[in-house]
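# An overview of the molecular structure
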Amino acid sequence: MLVEVCANSLESALNAEKAGADRIELCSELGVGGITPSHGLILEVKKRLKIPVHILIRPRSGHFTYSSFDMEVMKNDIAFCEEIGINGIVSGVLYDDFSPDIEKTAILVQASGAMKFTFHRAFDWVPDPIKTLHQLEGLGVDYILTSGQKASAEKGLNLLEKLHNISNTCTVMAGGGVRLNTCKVFADLGLKALHLSGTSFNTPLNLKGKIPMNSAKHLNETSIAVTNEETIRQIVRSVK
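Residues numbered from 1 in each chain as written. Predicted model: local features only at pLDDT ≥ 70, side-chain atom pairs only at ≥ 80, totals over all residues. Heavy atoms only, no water.

## Some words on the nonpolar core
Heads up, the condition is: The set of buried Ala, Val, Leu, Ile, Met, Phe, Trp, Tyr and Cys residues whose side-chain atoms join them within 4.5 Å is what this entry labels a nonpolar core. A simple rule labels every residue: compare its accessible area, found with a 1.4 Å probe on the protein chains alone, to the largest value its type can have, and call it buried under 20%, exposed over 50%, or partly exposed in between. Helix and strand definitions here come from DSSP, where helices need a minimum of 4 consecutive H or I residues and strands a minimum of 2 consecutive E residues; each element is numbered from the N-terminal end. In what follows, a contact means two residues having at least one pair of non-hydrogen atoms within 4.5 Å.
One finds Ile24, Leu26, Ile55, Cys81, Leu160 and Phe186 to be the most contacted residues of the largest nonpolar core, which totals 50 residues. At 5 residues, helix H3 (residues 68-84) tops the list of elements feeding residues into this core. Contact partners of Cys81, with chain neighbours within four places excluded, come to Ile42, Ile55, Ile57, Ile86, Ile89 and Met115.

## Considering the sheet that holds strand E8 (residues 193-196)
Our working rule: Between any two strands, pairing holds if DSSP finds at least two bridges. Lines are fitted to the C-alpha atoms to define the axes, a helix being fitted only along its stretch in contact, and any angle between axes, read from their N-to-C directions, falls within 0 to 180 degrees.
On the basis of which strands lie adjacent, the closed barrel formed by 8 strands has the order E1-E2-E3-E4-E5-E6-E7-E8 and parallel pairing. Ignoring strand direction, the axes of neighbouring strands in this sheet form an average angle of 25°. Taken together, the 4 bridges between strand E1 (residues 2-7) and E8 define a ladder with parallel strand orientation. Bridge pairing in E8 places Val5 opposite Leu196.

## Brief notes about the side chain of Ser91
Test applied: As used in this structure description, the phrase polar contact means that two N or O atoms lie within 3.5 Å; if the pair is within protein, one of them must be able to donate a hydrogen and the other to accept it, and residues adjacent in sequence are counted only when both atoms belong to side chains.
Within the fold, Ser91 resides in strand E4 (residues 88-91). For Ser91, a relative accessible area of 0% gives the class buried. A polar contact is formed between the side chain of Ser91 and the backbone oxygen of Ile57, at a distance of 2.8 Å. In this structure, Ser91 is in contact with Ile57, Met74, Leu108, Phe117, Thr118, Phe119 and His120, ignoring residues within four places of it in sequence.

## Some details on H3
Worth spelling out the cut-off: The span you would expect from a helix comes to 1.5 Å times its residue count less one.
Taking 1.5 Å of rise per residue, 17 residues should cover 24 Å, and H3 covers 25 Å from first to last C-alpha, within 8% of that figure. Considered for burial, the residues of H3 that qualify are Asp70, Met71, Met74, Asp77, Ile78, Phe80 and Cys81. Packed against the buried residues of H3 are helix H2 (39-48), strand E3 (53-56), E4 and helix H4 (102-111). For H3, the N-terminal capping position is held by Ser67, with its side-chain oxygen 3.3 Å away from the main-chain nitrogen of Phe69. Immediately downstream of H3, the backbone of Gly85 shows phi near 85°, a positive value.

## Side note on the packing of helix H5 (residues 129-139) against helix H6 (residues 157-166)
What counts here: Helix crossings fall into two classes, left-handed where the near helix is turned counterclockwise from the far one by less than a right angle and right-handed where it is turned clockwise. Each residue is assigned to one class: nonpolar for Ala, Val, Leu, Ile, Met, Phe, Trp, Tyr, Cys and Pro, charged for Asp, Glu, Lys and Arg, and polar for all the others, Gly among them.
Close contact between H5 and H6 brings their axes to 11 Å; oriented N to C, the two are set at 35°. Remark: the crossing between H5 and H6 carries right-handed chirality. Residues Pro129, Ile130, Leu133 and His134 of H5 pack against Leu159, Lys162, Leu163 and Ile166 of H6. The class makeup of the residues in the contact of H5 with H6 is 6 nonpolar, 1 polar and 1 charged.

## So, unusual backbone geometry
The phi angle at Gln149 is positive, at roughly 60°, despite the residue not being glycine. A relative accessible area of 27% places Gln149 in the partly exposed class. The phi dihedral of Thr203 falls on the positive side, at around 45°, and the residue is not glycine. Mapped onto the elements of the fold, Thr203 is located in the loop between E8 and helix H8 (229-239). By relative accessible area, Thr203 is classed as exposed at 69%.

## So, the pattern of salt bridges
When their charged atoms lie close together, side chains carrying opposite charge are able to pair. For the record, the criterion: Between Lys or Arg on one side and Asp or Glu on the other, a salt bridge is scored when a side-chain nitrogen of the former is within 4 Å of a carboxyl oxygen of the latter.
Across all of its chains, the model carries 11 salt bridges by this definition. The closest approach of N and O atoms between Glu72 and Lys75, which form a salt bridge, is 3.0 Å. Here Lys75 and Glu72 lie together in helix H3, a separation of 3 residues that amounts to about one turn. Here Glu72 falls in the partly exposed class, since its relative accessible area comes to 42%.

Next comes the structure, spelled out in structure tokens:
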């Protein structure tokens, strides 16, 4: 069974390789489901690791309906990955009704060239997962990362098994809440790939008396935070 570790730093990636992981999905900011890591991090991981590295291409947090601006950023990041010899891309696009945006996803698949392509957990929002599986296979997608449309992959076993049994060319990879005491059930089900972060928290600092830097107002999956042009215009006029 292929074990893919979602690594959020160089240290995480190195730890995963030392522990026997087969592959890395490199990303940043796991707390929002992951975003594209910096080019500096990608370069360093690529330089140091011997196992395959796949890169999450997600330019921002929030939902998976991407604008033309988002798409240009994503294509540029994919081009960079191809240039330095990254093994795979992890991405995907939905319409605002949560059905798969096949046209935009096809653009990303084509931009990925010979790199493997994983359609990420945006899959867990699609209204018709069976139809979507076949559509993605038609695009040449190699992997689908999914929790079986449940809060955890353990709870989504029924759909995971069904998707695995009907897939022809696409590997269904279980991911979402995978832990040591649940991981074997996916192998027993016959799945060929497993995705997890295996995260623990260390190097703590005592921040008593320090103002918080996290901002809960930006943790919003229903809409996208964008700089408001008129607000900035008024502030500029006010202080200039």
